[in-house]
Every structure is written in structure tokens, then in C-alpha cells.
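# Structure at a glance
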Amino acid sequence: MLICSFSHSLIRTSVSPIGIFDSGYGGLTILRQIRRLMPEYDYMYLGDNARAPYGSRSFDVVYRYTLQSVEELFRRGCKLVILACNTASAKALRSIQQRDLVRWGTDHRVLGVIRPTVEAVGGLTRSHHVGVLATAGTVSSRSYDIELTKLCPDIHVTGLACPMWVPLVENGEYETPGADYFVRERVTEIMRADPAIDTLILACTHYPLLLPLIRKYIPEGVNVIAQGDLVAASLQDYLGRHAEMDAALSHAGTCHYLTTENAQKFSEQASLFMNERVEAEQITL
């Protein structure tokens, strides 16, 4: 596995926001729900749009890119970072937690989106047949299979990669006839692979933008799990159980956006996701 060079040069700031990271725009669906539930905190969002998407990249590359972004957020004052990206959570989270956090000290934490999602499934599935729609990287990692089996050993998981879904969302084409075609194709395929599925996990933070189309093609009675509310509730619970982390965070209700792509392009697209005006800062990792 590739190792990143480490620099502890901090950007001086009196603000300690919650960091939210994604390879692109999808993590904004997580940020939106977190801010809706906990508007009093400061937030800093980093989208690595210049190198998106991560879904088809190797474990080593996803780890390296994710670590660079996490450490950038740390340098900017974040003590808690949420990987609002299923691919990064699947391919990089554990390595960062086990190998890299020690360099920053015990007051820094990185959390992912897979565990909060999995914990919600047990109370929803009756058939114990669960479908996972995700990027190729998340499906190949089998992270959902592993975590779901830990909680429910007799569960049956069917994963299916949806390679066209992220580009549709990233390019603002999630309400077009093309989107309708690709959503119908994938939903039909996963339900054909296992007709007993009664719970469908949208295991990519981009996919909630396609939810109206997904609901159009799933059979009646199938639960669809989008991650925003689940991750937000899990984060609120985490801060309630970790008073020292909650005390370390700043509470001024601000939100700052960073992107590795063109700032104007990001701002325009992010404004659609957030339903408010967004002004981003372009950075280089």
C-alpha cells in the first residue's frame, strides 16, 4: 500500500469545524442532512472533484487520495472528519484509523458512512435479503456484505455496481430520459438477481438524487435506504457519547466549501445540491 508523506504544518484558525469529505458532489447529500439536524456546528466540506470519481480506482489510490484530503481538513482545524463517500469508507477508512491517526494524536477522529447504514438494516428487512447498489469499488470491497453479516449472520446480500449513475448526477442529468433508462436497467437487474430482496441500500452518496426514479421501478413493499438521515443521526449520537469531541468543535453555524476543481463550477453545482448559494475555494492537494 502506498504511503503518503506527512506534514504537520497547520493553517492557523480559531474555528474547529466538522470536516465532510467526498470525491465529488455526492457527499453534499450527507452534509445537507447533518446541517439540517445540527445547524449549530461549523462545517468544512472538501470535494476532490478534480480526481473524481473514485469508484473504479484501486485500493491504494483511494487510500492515498483520501488520506491527503483528510490531512488537509486536519490542517485546517477539523478534529473530526466524516468520509461521506462509500468508496473511501470501504477502501481507506480502516487503514487511516489504524495507521495514520496516531500521527495527529488521540483528539482527531475519522468516521465513515457504512456502519451507520448497516445498523439501520436490521430493523427493516423481514426476508433477510438485502440489495446494495453502489460503485464498482464499493461492491468489490464487499464491505457491506462483511458488516451486514456481522450483525445478521444469515443475511443474504446482493451487490450490483451502477457505473453510469455517478456521472449522471455529477453532470446534472439525473432527471433526463437517459437517467430513467440506466436506473430502470440496474433496478430491474438486481431485483431479477434476487426477487426476495425487501431492502435496497443506496450505497453511494450520489444516488439520493436518483431516488424518485429508483422508487418508480422498485416493487411495492421494498424499503430503500438513503444514507443522509442515518449518518446525521449517527453523528449526533456519537457527539452525545463523546463529550470531549463535542467540546473541541466550534459552534458558530458556518459552512466553508473546498474543491480541487474549478471553484465557480463547483459552486454552481453545489448550490443545486444544497438548495442555497454556495461559494467555494479551490485548493491543491
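On a predicted model such as this, the values are computed, not experimentally measured, just so you know.

### A word on the packing of helix α5 (residues 114-121) against helix α11 (residues 228-241)
Running from amino to carboxyl end, α5 crosses α11 at an angle of 105°, the nearest separation of the two axes being 9 Å. The angle between α5 and α11 falls in the class roughly perpendicular. The segment α5 lies against α11, with Pro116, Thr117 and Ala120 engaging Leu230, Val231 and Ser234. Taken together, the residues of the contact of α5 with α11 break down into four nonpolar, two polar and no charged.

### Some details on unusual backbone geometry
At the junction of Ala52 and Pro53, the peptide bond is cis and its omega measures out at 0° in the coordinates. Even without glycine at this site, His128 takes up a positive phi of about 65°. Take His128: it is sitting in the loop between α5 and β5 (129-134). Looking at His128, the relative accessible area reads 25%, which means it is partly exposed.

### Points about the confidence of the model for the protein
In regions of low pLDDT, the predicted coordinates are not meant to be interpreted in detail. With 95% of its residues at a pLDDT of 70 or more, the protein shows a mean pLDDT of 93. Low pLDDT (under 50) marks residues 1-7, which in the prediction has 17 contacts with non-local residues, meaning those over four places away or in another chain.

### Examining the pairing of strand β7 (residues 199-202)
Covered by surrounding structure in β7 are Thr199 and Ile201 together with Leu200 and Leu202, the residues of both alternating faces. Relative to β7, β5 is paired through four bridges, and the arrangement is parallel. Within β7, the position partnered with Val132 by the bridge is Ile201. Examined bridge by bridge, β7 and strand β8 (residues 223-225) share three bridges and lie parallel to one another.

### Notes on α11
For α11, with 14 residues, the first-to-last C-alpha span of 20 Å sits near the 20 Å given by 1.5 Å per residue. Within α11 the residues assigned to the buried category are Gly228, Val231, Ala232, Leu235, Tyr238 and Leu239. Each buried residue of α11 lies within a common arc of 125° when the element is viewed along its axis, so the set occupies one face. Facing away from the buried side of α11 by over 90 degrees, the exposed positions are Asp229, Gly240 and Arg241.

Thresholds, definitions, all that
- Residues numbered from 1 in each chain as written.
- Predicted model: local features only at pLDDT ≥ 70, side-chain atom pairs only at ≥ 80, totals over all residues.
- Heavy atoms only, no water.
- Axes fitted to C-alpha atoms, helices over the stretch in contact; angles between N-to-C directions.
- Helix = DSSP H or I, 4+ residues; strand = E, 2+ residues; numbered from the N terminus.
- Parallel < 35°, antiparallel > 145°, perpendicular 65-115°, else oblique.
- Contact = heavy atoms within 4.5 Å.
- Nonpolar A, V, L, I, M, F, W, Y, C, P; charged D, E, K, R; others polar.
- Buried < 20%, exposed > 50% of the residue type's maximum accessible area, 1.4 Å probe, protein only.
- pLDDT = per-residue confidence, 0-100.
- Pairing = 2+ DSSP bridges.
- Expected span 1.5 Å × (residues − 1).
- Arc of directions from axis to C-beta.

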